[in-house]
Amino acid sequence: MADVGDMRAFVRVVERRGFTAAAKDLGLTPSAVSKLMTRLEDRLGVRLLHRTTRRIALTAEGEIYHLRARDVLAAIDDAEAEVSQAGRRPRGKLRVSCVTAFAFHQLTPALPAFLARYPDVDLELAITDRVVDLLAENADVGIRSGSIDDGSLVARKIAEIRRGLYASPEYLARRGVPRASDDLGAHDCIVLSHIPSSHRWPFREKGKNRTVHIHSRVVVDSGEAALRIAIAGGGIARLADLIVRDAVAAGGLVPVLAATHMVEPVPLSAVYPQGRHRMPKVRAFLDFLVERFSHAPWRLAAVSQDAPALARAAEC
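Residues numbered from 1 in each chain as written. Predicted model: local features only at pLDDT ≥ 70, side-chain atom pairs only at ≥ 80, totals over all residues. Heavy atoms only, no water.

## Details of empty space enclosed by the protein
Any space left empty among the atoms is revealed by the rolling of a water-sized probe across them.
Point 1. Evaluation of the coordinates by the stated rule reveals two cavities of 30 Å³ or more.
Point 2. Considering only enclosed or pocket space, the largest cavity measures out at about 70 Å³ in volume.
Point 3. Together, Arg163, Ile190, Val191, Leu192, Ile195, Ser197, Ser198, Trp201 and Arg238 line the largest cavity.
Point 4. Broken down by element, the lining of the largest cavity gets its largest block of residues, three residues, from strand E8 (residues 189-192).
Point 5. Taken together, the residues of the lining of the largest cavity sort by class into five nonpolar, two polar and two charged.
Point 6. What the second largest cavity holds in volume is close to 40 Å³.
Point 7. Of all the elements in the fold, those that place two or more residues in the lining of the second largest cavity are helix H5 (100-117) and helix H8 (241-249).
Point 8. Take the lining of the second largest cavity: its biggest share by element is four residues, from H8.
Point 9. Looking at the lining of the second largest cavity, its residues break down into two nonpolar, two polar and two charged. (1 Å grid on protein atoms, 1.4 Å probe; cavity = no way out; pocket = protein on both sides within 12 Å on 5 of 7 lines; lining within 4 Å. Points joined across faces, edges and corners; volume = space filled by probe spheres on them. Helix = DSSP H or I, 4+ residues; strand = E, 2+ residues; numbered from the N terminus. Nonpolar A, V, L, I, M, F, W, Y, C, P; charged D, E, K, R; others polar.)

## Some points on the sheet that holds E8
Point 1. Spatial strand order, E11-E8-E12-E7-E13: five strands in an open sheet with mixed pairing. The sheet is open, and its two edges are formed by strand E11 (218-220) and strand E13 (254-255), each paired on a single side.
Point 2. H8 contacts strand E7 (163-167) and strand E12 (236-240) of the sheet and is inclined by roughly 115° relative to E12. (Pairing = 2+ DSSP bridges. Contact = heavy atoms within 4.5 Å. Axes fitted to C-alpha atoms, helices over the stretch in contact; angles between N-to-C directions.)

## Remarks on the sheet that holds strand E5 (residues 141-145)
Point 1. Read across the sheet, five strands follow the order E4-E3-E5-E14-E6 without closing on themselves; strand pairing throughout is mixed. Two strands close off the open sheet at either side, each with one partner strand: strand E4 (121-127) and strand E6 (153-161). With strand direction ignored, the average angle separating the axes of adjacent strands in the sheet is 20°.
Point 2. With three bridges connecting them, strand E3 (residues 92-98) and E5 associate as parallel partners. Across the sheet, the residue bridging to valine 96 is valine 141, located in E5.

## So, the pattern of salt bridges
Point 1. Following the criterion strictly, the structure yields 23 salt bridges and no others.
Point 2. Two residues, arginine 217 and aspartate 188, come together in a salt bridge whose shortest N-O distance is 3.3 Å. Residue arginine 217 is located in the loop between strand E10 (208-213) and E11, and its partner aspartate 188 is located in the loop between helix H6 (169-175) and E8; the two are separated by 29 residues in the primary sequence.
Point 3. With a relative accessible area of 14%, aspartate 188 lands in the buried category.
Point 4. Note that arginine 299 is salt-bridged to aspartate 241, the shortest N-O span being 2.2 Å. Taken together, the positions of arginine 299 in the loop between helix H9 (280-293) and helix H10 (308-315) and aspartate 241 in helix H8 put the pair 58 residues apart, joining distant regions of the chain. (Salt bridge = Lys/Arg side-chain N within 4 Å of Asp/Glu carboxyl O. Buried < 20%, exposed > 50% of the residue type's maximum accessible area, 1.4 Å probe, protein only.)

Structure below.
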């Protein structure tokens, strides 16, 4: 088992990018972790790490060993969790990272129901649009939109997000209602800096697909900020349906070019490190997310461009 301990320490050093951070996670001193790495290298007969005073880097052999070791440890954790956690109630601290839009508009209102169902679970929620390294930050679950490209994580689809174009009635009364995608060139548009495709809005007009490059007047790094600016009359924004429902219901926003704008569904997923779903608290949370959100409760009924609110804006 000492060999497994050395392997686990090595993986932690790589994930934490240094001896000091790894030592803190392992409850050891940095010098003790360094000795473990030396012992491992001596046993294998190869150098796994390049060490300098400021950083560490994997050797070619270290890269191979890290990939294999991570899989081995995941299998061990899977086996132990499946046996030891079988039949246990969800308990302990659950660390979740979540994108801002979903957190504020959907997840946080639902969390009291989850906590009431599982009274032995304590929740630590981090809300950020930054891509969080779940292993490095010791998080159990991340909730992300878009494609998941990290091969070290398992993704479970929760629902689909649909984007639409929205503006306030006040803005449309002041600037006019666009009737075709070409009209957008004469409008103030709001785009998101952290979404690569946010400057390209897709349409289907006259039986053909086309993409309009948006020359934005306002660029923000938060969907929540784009929503607030649009409600305040700052322009037309392409927003996810999961954050606009209340604003549309209250009359603060109306759809724009709904008949021709292409929705392009975006997956919303829960991601977690290999084997983590075996833990009852994680499995319970994943099941809760799917149960609560797989039917997209925020989904707005399709509203045509001729909706009464939009018509009234055009007449003002």
